[in-house]
Amino acid sequence: MKEILEKLYSTGDISDYELKLLIENTDGNISALLTYYADTVRKKYYGKKVFLRGLIEISNYCKNDCLYCGIRRSNKNAVRYRLTREDILSCCEEGYSLGFRTFVMQGGEDSFFTDDFLCGLISDIKIKYPDCAVTLSLGERPYKSYKVLKQAGADRYLLRHETADSGLYGRLHPSEMSLENRKQCLYNLHEIGYQVGAGFMVGVPFQTTENLIQDIRFLQDLKPQMIGIGAFIPHHDTPFAREKSGTLQLTLKMLGILRLMFPKALIPATTALGTISPTGREEGLKNGCNVVMPNLSPVAVRKKYELYDNKICTGEESAECVSDLTRRIESIGYEVFSGRGDAI
Ligand code: SAH
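Cut-off values and rules
Residues numbered from 1 in each chain as written. Predicted model: local features only at pLDDT ≥ 70, side-chain atom pairs only at ≥ 80, totals over all residues. Heavy atoms only, no water. Phe/Tyr/Trp six-rings, centres within 6.5 Å; stacked < 30°, edge-to-face > 60°. Buried < 20%, exposed > 50% of the residue type's maximum accessible area, 1.4 Å probe, protein only. Lys NZ or Arg CZ within 6 Å of the ring centre and 35° of its normal. Helix = DSSP H or I, 4+ residues; strand = E, 2+ residues; numbered from the N terminus. Expected span 1.5 Å × (residues − 1). Contact = heavy atoms within 4.5 Å. Pairing = 2+ DSSP bridges. Axes fitted to C-alpha atoms, helices over the stretch in contact; angles between N-to-C directions. Parallel < 35°, antiparallel > 145°, perpendicular 65-115°, else oblique. Left-handed = near helix turned anticlockwise from the far one by under 90°. Nonpolar A, V, L, I, M, F, W, Y, C, P; charged D, E, K, R; others polar. Near = heavy atom within 4 Å. Polar contact = N/O pair within 3.5 Å; in protein donor to acceptor, adjacent residues only side chain to side chain. Areas by Shrake-Rupley, 256 points an atom, 1.4 Å probe, with all protein chains shown as cover. Arc of directions from axis to C-beta. Salt bridge = Lys/Arg side-chain N within 4 Å of Asp/Glu carboxyl O.

A few points about the packing of aromatic side chains
Right, on to step 1. Tallying each qualifying case throughout the model produces 15 aromatic pairs.
Right, on to step 2. The interplanar angle of 50 degrees and the centroid separation of 5.9 Å between the aromatic rings of Tyr 36 and Tyr 37 together place this pair among those described as tilted.
Right, on to step 3. Residue classification places Tyr 36 among the exposed positions, given a relative accessible area of 53%.
Right, on to step 4. Its relative accessible area of 9% is what places Tyr 37 among the buried residues.
Right, on to step 5. Lys 49 extends its terminal NZ or CZ atom over the ring of Phe 337, reaching a point 5.6 Å from the ring centre.
Right, on to step 6. Taking the ring centre of Tyr 96 as reference, the NZ or CZ of Arg 101 above it sits at 3.5 Å.

This is the structure in structure tokens:
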């Protein structure tokens, strides 16, 4: 097993069979060595820097019905909200004064957010904060929409592929959604010139080791600048309410493997990681992550953007979230970097 890991460290790739052995291995010494290698590679390219992104959850209206997600349209118990232009701009203002130089606008697929609305908003943000990057995470949109949003000034787009196996994709999504379309969106974003983020959930119902390997192979084909992965966590008002969460152990292993295969990628220690374990984000940073995304949404709406149960950071003010995360980052020997933090 050590040889496989050394091969992955020195060449950046191993076979499907070797990946399967590594993913399924439960030896603590192997995990510790993977952590060490992942951190070595991360430090080679990014030093001890951790990039900050201010996350603004702009709407929880969603026309989709993903079986795992708490804001799916069938969840009649979700209390819906949508931020106004002014709300979003004041989140940016607060974020800027807290040191953020990237704003991530994420939301459900809400048809209120037309191209005109978003283009106006994006160009306002870019005029006011020319030193900041704007990242969008608003789901699947037509090619033309991605194109005009880019022209308006958007820099990056996050769209997790969720799973690269069409059979599994079909079990996690309603029949009107397709993996093919999701992948096409990612290739379109790439072609248009966005810095692209893809990714998947770990431990989602029905997922096999082979599925995780397919996710890795898809990412190798797409070559995204950002890779977001997080443990699946059930939401009580979804069909997966009674399913088990993904584990911290497997998520950390996947993060370490991804760092070795994508040495220059921007990989966040996600909120989901902090939700499955109190020190999950710190563990993520030690296993190759180099980004954190503190919440900048107005406190009044935070609990409503409930993708899964027990989501952390829904009660504090933005400033508290940032100082808490900064303390956590520094406590394990890394440094907060307050610039745009583009991929190298
Ligand atoms: N509508 C946007 C944003 C989706 S929410 C889009 O389609 O990209 C952002 C991510 O949260 C999703 O891509 C999914 O991977 C993750 N997510 C949703 N439900 C989750 C759950 N129950 N557990 C863990 N992660 C979840």
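Concerning helix α5 (residues 115–128)
Note on helix geometry: an α-helix contains 3.6 residues per turn, so any two residues three or four positions apart are oriented the same way.
Right, on to step 1. The terminal C-alpha atoms of α5 lie 20 Å apart, and with 14 residues this matches the ideal 20 Å at 1.5 Å per residue to within 8%.
Right, on to step 2. All of the buried residues in α5 are Phe 117, Leu 118, Cys 119, Leu 121, Ile 122, Ile 125 and Lys 126.
Right, on to step 3. Where α5 is buried, its residues meet α4 (85–97), β3 (102–107), β4 (133–137) and α6 (143–151).

A few points about the sheet that holds strand β1 (residues 49–52)
Right, on to step 1. Ordered in space as β8-β1-β9, the three strands form an open sheet in which the pairing is parallel. The open sheet terminates on both sides in strands that have one partner only, identified here as β8 (291–292) and β9 (335–337).
Right, on to step 2. Direction of pairing for β1 relative to β9: parallel, over a ladder of three bridges. Bridged to Phe 51 within β9 is Phe 337.
Right, on to step 3. Where helix α14 (residues 318–331) meets the sheet, it contacts β1, β8 and β9, and its direction lies at approximately 130 degrees from that of β9.

With respect to unusual backbone geometry
Right, on to step 1. In this structure, Phe 206 is a non-glycine residue whose phi angle is positive, near 75 degrees.
Right, on to step 2. Here Phe 206 lies in the loop between β6 (195–202) and α9 (209–222).
Right, on to step 3. Overall, the relative accessible area of 39% leaves Phe 206 in the partly exposed class.
Right, on to step 4. If you check the backbone angles, Asn 310 has positive phi at about 60 degrees while not being a glycine.
Right, on to step 5. Looking at the element boundaries, Asn 310 is found in the loop between α13 (299–302) and α14.

Looking at the sheet that holds strand β2 (residues 54–59)
Right, on to step 1. Strand order across the open sheet formed by six strands is β2-β3-β4-β5-β6-β7, with parallel pairing between neighbours. Each edge of the open sheet carries a strand with a single partner, namely β2 and β7 (226–231). The mean angle between the axes of side-by-side strands here comes to 20 degrees, regardless of whether they run parallel or antiparallel.
Right, on to step 2. Looking at chain direction, β3 and β4 are connected through five bridges and run parallel. When the sheet's bridge partners are listed, Met 105 is paired in β4 with Leu 136.

Side note on the packing of helix α2 (residues 16–24) against α9
Right, on to step 1. Running from amino to carboxyl end, α2 crosses α9 at an angle of 120 degrees, the nearest separation of the two axes being 10 Å. With respect to their mutual orientation, α2 and α9 come out oblique. Regarding α2 and α9, the two cross each other, and that crossing is right-handed. Contact residues: Asp 16, Leu 19, Lys 20, Ile 23 and Glu 24 in α2; Thr 209, Glu 210, Leu 212, Ile 213, Ile 216 and Arg 217 in α9.
Right, on to step 2. Residues belonging to the contact of α2 with α9 are distributed by class as follows: five nonpolar, one polar and five charged.

Some remarks on the site of the ligand
Right, on to step 1. By nearness alone, 18 residues border the ligand, and Tyr 68, Gly 107, Arg 160, Glu 162 and Ile 233 come closest of all.
Right, on to step 2. Here an oxygen atom of the ligand sits 2.5 Å away from a polar atom, N or O, in the side chain of Glu 162.
Right, on to step 3. Contact between the ligand and Leu 307: a nitrogen atom at 3.5 Å from a main-chain N or O atom of the residue.
Right, on to step 4. Isolated, the ligand exposes 560 Å² of accessible area, and the fraction of that covered by the protein chains is 92%.
Right, on to step 5. Residue composition of the shell around the ligand, grouped by class: ten nonpolar, five polar and three charged.

Focus on α2
Right, on to step 1. Listing the buried residues of α2 in full gives Glu 18, Leu 19, Leu 22 and Ile 23. Axial view of α2: buried residues confined to an arc of 130 degrees, hence all on one face.
Right, on to step 2. Turning to α2, the residues buried within the fold contact α1 (2–11), α3 (28–46), α9 and α10 (248–261).

Thoughts on the pattern of salt bridges
Right, on to step 1. Across all of its chains, the model carries 26 salt bridges by this definition.
Right, on to step 2. One salt bridge connects Glu 176 with Arg 73, and the closest N-O pair in it is separated by 3.1 Å. In this pair, Glu 176 is assigned in the loop between α7 (166–172) and α8 (179–192) and Arg 73 in the loop between β2 and α4, connecting sequence segments 103 residues apart.
Right, on to step 3. Residue classification places Arg 73 among the partly exposed positions, given a relative accessible area of 36%.

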